[in-house]
Amino acid sequence: MDDVSEYVTLISSDDFHFVVQRSAACVSKAIARMLNPMNGFMEAKTNTIRFDSINGVVLEKVCEYFYYNKKNHGAMNVPDPDLPTELLLELVVAADYLDT
């Protein structure tokens, strides 16, 4: 797969696959760098990124955030996303890693 696809696949450490729009996934600066063909990463060719340190439950919430951010970008008075308290620490670590 050498072309730039509209969708990318994000794979969690426990092998859950999330197919998301490239534009939504690129809310993450780290993902945007990985998917940029000019940077030479394998992920840009395969349109697939494996996250060995992010489990499926957390990656699902990250994907939800990508769409939430894309939908509300630049909007005023946007309500906070609904995040489960028990996942907050893991989400902060994932957000830091993904540079979101």
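Residues numbered from 1 in each chain as written. Predicted model: local features only at pLDDT ≥ 70, side-chain atom pairs only at ≥ 80, totals over all residues. Heavy atoms only, no water.

An unreviewed UniProt entry annotates the protein as Elongin-C originating from Meristemomyces frigidus. UniProt, in its Function (unreviewed entry) section for the protein, records the words "Essential component of the SCF (SKP1-CUL1-F-box protein) E3 ubiquitin ligase complexes, which mediate the ubiquitination and subsequent proteasomal degradation of target proteins. Controls sulfur metabolite repression, probably by mediating the inactivation or degradation of the metR transcription factor." UniProt's Subcellular location (unreviewed entry) comment on the protein is quoted here verbatim: "Nucleus". (UniProt positions renumbered as here; feature names shortened; annotations may be inferred.)

Quick notes on the overall build of the protein
The helix and strand inventory of the protein stands at 5 helices and 3 strands. Ordered by position in the sequence, the α and β elements of the protein form the string β-β-α-α-α-β-α-α. Computed over the C-alpha atoms, the radius of gyration of the protein is 14 Å, within 12% of the 13 Å expected from 2.2 N^0.38 for a compact globule of 100 residues. In the protein, which comprises 100 residues, the proportion classed as buried is 34%. In the protein, 63% of the contacts between residues at least 6 apart in sequence involve partners at least 24 apart. (Helix = DSSP H or I, 4+ residues; strand = E, 2+ residues; numbered from the N terminus. Rg over C-alpha atoms; globule rule 2.2 N^0.38 Å. Buried < 20%, exposed > 50% of the residue type's maximum accessible area, 1.4 Å probe, protein only. Contact = heavy atoms within 4.5 Å.)

Details of the pattern of salt bridges
Two side chains bearing opposite charge may form a pair once their charged atoms approach each other closely. Within this structure, the stated rule accounts for 3 salt bridges. The salt bridge partner of Asp99 is Arg33, with a shortest N-O separation of 3.8 Å. Placement of Asp99 in the segment after α5 (88-98) and of Arg33 in helix α2 (residues 29-35) is noted, with a sequence separation of 66 residues between them. Of the residues examined, Arg33 reaches a relative accessible area of 43% and is grouped as partly exposed. For the salt bridge of Glu64 with Lys61, the shortest nitrogen-to-oxygen distance reads 3.1 Å. One end of the pair, Glu64, and the other, Lys61, are both in helix α4 (residues 56-72), 3 residues apart, so they sit about a helical turn from each other. Glu64 gets classed as partly exposed once you look at its relative accessible area, which sits at 38%. (Salt bridge = Lys/Arg side-chain N within 4 Å of Asp/Glu carboxyl O.)

With respect to the packing of aromatic side chains
Applying the stated criterion to the full structure yields 1 aromatic pair. A ring pair is formed by Phe51 and Tyr97, whose centres lie 6.3 Å apart and whose planes are at 85°; its orientation type is edge-to-face. Of this pair, Phe51 sits in the loop between β3 (48-50) and α4 while Tyr97 sits in helix α5, placing them 46 residues apart in sequence. The class for Phe51 is buried, based on a relative accessible area of 2%. By relative accessible area, Tyr97 is classed as partly exposed at 48%. (Phe/Tyr/Trp six-rings, centres within 6.5 Å; stacked < 30°, edge-to-face > 60°.)

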